[in-house]
Amino acid sequence: MTDKADNICPQCNSILSWKNQGYFCDFCQQEVKKTVFCPDCNEQLEKLQACGSASYFCNHCNELKSKSRVKVQFRMNSQA
Ligand SMILES: [Zn+2]
Ligand SMILES: [Zn+2]
């Protein structure tokens, strides 16, 4: 199963599609970047790909974070 339903446009709240190795909002016609933050220290996490499932590593806490706990944020490219 995918977690597609969690991928929501920050601007119009519609479900994002996957395009050119990134997320894309068909309604806003804009690319959206997915950023993941540590639930404990709020640092940006590094995505690790292991055996088909993704996990996240925090360089600040120096440990792996469970995907169910991380904070996901979507951003338009046009927003600095
Ligand atoms: Zn949108
Ligand atoms: Zn951390």
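Parameters at a glance
Residues numbered from 1 in each chain as written. Chains lettered and ligands numbered in written order. Predicted model: local features only at pLDDT ≥ 70, side-chain atom pairs only at ≥ 80, totals over all residues. Pairing = 2+ DSSP bridges. Helix = DSSP H or I, 4+ residues; strand = E, 2+ residues; numbered from the N terminus. Axes fitted to C-alpha atoms, helices over the stretch in contact; angles between N-to-C directions. Buried ≥ 20, exposed ≤ 12 C-beta atoms within 10 Å, placed from the backbone. Contact = placed C-beta atoms within 7 Å. Core = buried A, V, L, I, M, F, W, Y, C linked by C-beta atoms within 7 Å.

S.K.: Could you clarify how one ought to interpret the pairing of strand S3 (residues 30-37) in this entry?
M.R.: Side chains on a regular strand alternate between the two faces of the sheet. In this sheet, S3 lies alongside strand S2 (residues 22-25) in antiparallel orientation, the contact comprising three bridges. By the bridge assignment for S3, Tyr23 is matched with Val32. Joining the antiparallel neighbours S2 and S3 is a turn of four residues, in which Gln29 adopts a positive phi near 55 degrees. Sheet topology places S3 next to strand S7 (residues 71-76); six bridges connect them, and they run antiparallel. What sits directly across from Lys34, in S7, is Phe74.

S.K.: Looking at this model, I keep getting lost on the sheet that holds S3. Mind explaining?
M.R.: The sheet built from four strands is open, its strands ordered S1-S2-S3-S7 with antiparallel pairing. Each edge of the open sheet is held by one strand with a lone partner, namely strand S1 (17-19) and S7. Each strand of the sheet is rotated relative to its neighbour by a mean of 45 degrees, with strand direction disregarded.

S.K.: Would you mind showing me how to read unusual backbone geometry here?
M.R.: Most of the time, phi is negative for any residue but glycine, and the peptide bond is trans. Positive phi outside glycine occurs at Asn13, with the angle close to 65 degrees. Structurally, Asn13 can be placed in the segment before S1.

S.K.: I would appreciate a short explanation of the environment of Phe74 in the present structure.
M.R.: By secondary structure assignment, the location of Phe74 is in strand S7. What makes Phe74 partly exposed here is the crowd of 17 C-beta atoms within 10 Å. With 42 residues separating them along the chain, Phe74 and Val32 place their C-alpha atoms 6.3 Å apart. Not counting residues up to four positions away in its chain, the partners in contact with Phe74 are Ile8, Cys9, Pro10, Tyr23, Val32 and Lys34.

S.K.: Explain the nonpolar core here, please?
M.R.: A general trend in soluble globular proteins is that nonpolar side chains are found buried together. Cys9, Leu16, Tyr23, Cys25 and Val32 together form the largest nonpolar core, which totals five residues. Discounting residues that sit within four places of it in the chain, Tyr23 has contacts with Asn7, Leu16, Trp18, Glu31, Val32, Lys34 and Phe74.

S.K.: I would appreciate a short explanation of the sheet that holds strand S6 (residues 63-65) in the present structure.
M.R.: With antiparallel pairing, the three strands of this open sheet are ordered in space as S4-S5-S6. Unpaired on one side and paired on the other, strand S4 (46-50) and S6 mark the two borders of the sheet. Neighbouring strand axes in the sheet, compared pairwise and without regard to direction, differ in orientation by 40 degrees on average. With five bridges connecting them, S4 and strand S5 (residues 53-58) associate as antiparallel partners. Looking at S5, one finds that Glu46 is bridged to Phe57.

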